[in-house]
Amino acid sequence: EVQLVESGGALVQPGESLRLSCAASGFAFSTYAMYWVRQAPGKGLEWVSVINSDGGRTYPDSVKGRFTISRDVTKNTMYLQLNSLSTEDTAMYYCAKGKYAYYAGGDIRQATSHWGQGTQVTVSS
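Counting starts from 1 at the beginning of each chain's written sequence and moves along it residue by residue. Where totals are concerned, whole chains, interfaces and linings use all residues; where local detail is concerned, this predicted model gives features only for residues with pLDDT of at least 70, and gives and counts side-chain atom pairs only at 80 or more. Hydrogen atoms and water are omitted, and side-chain values are computed over all heavy atoms in the structure.

Caption draft 1: Representation of the packing of aromatic side chains. Under the pairing criterion, centres of Phe, Tyr and Trp rings, with the six-membered ring standing for Trp, must be within 6.5 Å; the plane angle then separates stacked pairs below 30 degrees from edge-to-face pairs above 60, leaving the rest tilted. All told, the structure shown has five aromatic pairs when counted by the stated rule. Ring geometry for Phe27 against Phe29: centres 6.3 Å apart, planes inclined by 55°, an arrangement best described as tilted. Clustering of aromatic rings is evident, with ring pairs tying together Phe27, Phe29 and Tyr32. For a Lys NZ or an Arg CZ to count as sitting over a ring, it must be within 6 Å of the ring centre and within 35 degrees of the ring normal. Sitting above the plane of the Phe27 ring, Lys97 keeps its charged end 5.5 Å from the centroid.

Caption draft 2: Quick look at the state of the cysteines. Put simply, a disulfide is two cysteine sulfurs that come within 2.5 Å. If you walk through the whole model with that rule in mind, you get one disulfide. One disulfide bridge connects Cys22 with Cys95, the sulfur atoms lying 2.1 Å from each other. Here the S-S torsion is close to 55°, and the disulfide linking Cys22 with Cys95 is therefore right-handed. Taken together, the residues Cys22 in strand 3 (residues 18-25) and Cys95 in strand 9 (residues 91-98) connect sequence positions 73 residues apart. Of the two residues examined, Cys22 and Cys95, each falls in the buried class. Only DSSP runs of H or I covering at least 4 residues are called helices, and only runs of E covering at least 2 are called strands; the numbering of each starts at the N terminus. Relative accessibility under 20% of the residue-type maximum defines a buried residue, over 50% an exposed one, and the middle range a partly exposed one, all with a 1.4 Å probe and only protein chains included.

Caption draft 3: Region of the structure containing the pairing of strand 3. The criterion for strand pairing is that DSSP finds at least two bridges linking the strands in question. Where strand 1 (residues 3-7) lies against strand 3, five bridges are found, and the strand directions are antiparallel. Bridge pairing in strand 3 places Glu6 opposite Cys22.

Treat this as a map of the structure, not an account of what it does.
Printed below as a string of structure tokens:
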């Protein structure tokens, strides 16, 4: 059974940093693309990073240069380092398992097969 468990969310002030973790189990972690996706209150899903099976990473312009996705295949764990946080980054952050080894673009919901329960990041002064 595929399981994804996020952790690390917290209440932080603008400008601060945070590291999220996603512990994965039940599948061959290194052979699938893995995603971080967020949903702000009242808004739709927004993918914020993807790491492909070969370790290649992609970010949307909204977080490029501030967020860094990584993984430790020995621990079956994925991370998201969030720097220079702003109030606009407030959201529930989810990790998701891809259906394939690479993200080829398009609707993130079509590209993923399993999601975790999410971890809340709140940025407020």
